[in-house]
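In case you want the letters, here they are:
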Amino acid sequence: IRYSFPVYITVGDTTTEVTTTGATVGELLEMAKIPVGENDIINYDLDTKIDATSYIDVIDIDYITETYTTRIYFQEKTVYSSNHPKGTKIVKEGVEGQKQITCKKTIVNGVVTNEEILNEVVLSEAVDRQIIIGTKKTSTKVPSQVPSSTQNTTTNAAVTTSANVSCVSTLK
């Protein structure tokens with residue numbers, strides 16, 4: 001007389017119970033309709049004979065290659081320019097770039113556990129945002145001649161040349 005017994009097969013978070021009177025691990029997996037991939041790990045060999053209540057653990061491992069596009073963020077740079085008047089601020093907006101990434105993902109029991117980048121191709125370069133700050137000094141025109149009526153006289157007018165400045169010493 002042969003008695004039946006349960007065998008528990010777990011893949012990830014799912015456990016399936018199969019009742020048998022004896023079978024190999026491979027046969028039990030077929031009865032439970034659990035496919036075994038070439039990368040999967042099982043805690044028994046497929047040809048191991050099971051003749052008592054047992055627990056079979058299957059670690060489902062898949063590798064996929066995926067290609068996706070992602071952004072390249074632009075940087076912000078401040079540039080000081082003597083071509084623009086002092087105090088001037090000009091902003092040239094930046095533009096994000098794009099790159100295409102090809103990666104290999106390792107998936108264990110439905111969860112991505114590793115991602116290896118195989119290739120990166122820049123589709124468009126990022127253009128940095130520029131803040132241009134002017135440093136050019138603005139010149140004020142000074143008359144080249146002082147009117148003859150103001151020479152060598154004291155007035156409340158602004159000094160226009162060094163000839164109108166008298167030197168006073170405060171030294172004793």
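Quick caveat, the model's predicted, so the values are computed rather than measured.

Asks: Looking at this model, I keep getting lost on the overall build of the chain. Mind explaining?
Replies: For the chain, the count of helices and strands is 1 helix and 12 strands. Split into buried and exposed, the 172 residues of the chain put 20% on the buried side. Contacts spanning at least 24 positions in sequence make up 59% of the contacts within the chain whose residues lie at least 6 apart. Carbon and sulfur atoms make up 49% of the accessible area of the chain, which amounts to about 13,100 Å² in all.

Asks: Teacher, can you tell me more about the sheet that holds strand 12 (residues 129–136) here?
Replies: Within a sheet, neighbouring strands are paired by backbone hydrogen bonds and run either parallel or antiparallel to one another. In spatial order, the strands read 8-12-9; together these 3 strands make up an open sheet with mixed pairing. Whereas interior strands pair on both sides, the edge strands pair on one side only; in this sheet they are strand 8 (76–85) and strand 9 (89–92). Across the sheet, the axes of successive neighbouring strands diverge by a mean angle of 25 degrees, strand direction being ignored. Note: strand 8 against strand 12, 7 bridges, orientation parallel. Residue pairing across strands places Lys77 opposite Gln130, the latter belonging to strand 12.

Asks: Would you explain the sheet that holds strand 4 (residues 41–42) in this entry?
Replies: Read across the open sheet, the 4 strands follow the order 2-1-6-4; overall the sheet is mixed. Only two strands of the sheet have a single neighbouring strand rather than two, namely strand 2 (14–20) and strand 4. Here 7 bridges tie strand 1 (residues 5–11) to strand 2, and the two strands are oriented antiparallel to one another. Paired with Val11 across the two strands is Thr14, which belongs to strand 2.

Cut-offs applied
- Residues numbered from 1 in each chain as written.
- Predicted model: local features only at pLDDT ≥ 70, side-chain atom pairs only at ≥ 80, totals over all residues.
- Heavy atoms only, no water.
- Helix = DSSP H or I, 4+ residues; strand = E, 2+ residues; numbered from the N terminus.
- Buried < 20%, exposed > 50% of the residue type's maximum accessible area, 1.4 Å probe, protein only.
- Contact = heavy atoms within 4.5 Å.
- Areas by Shrake-Rupley, 256 points an atom, 1.4 Å probe, with all protein chains shown as cover.
- Pairing = 2+ DSSP bridges.
- Axes fitted to C-alpha atoms, helices over the stretch in contact; angles between N-to-C directions.

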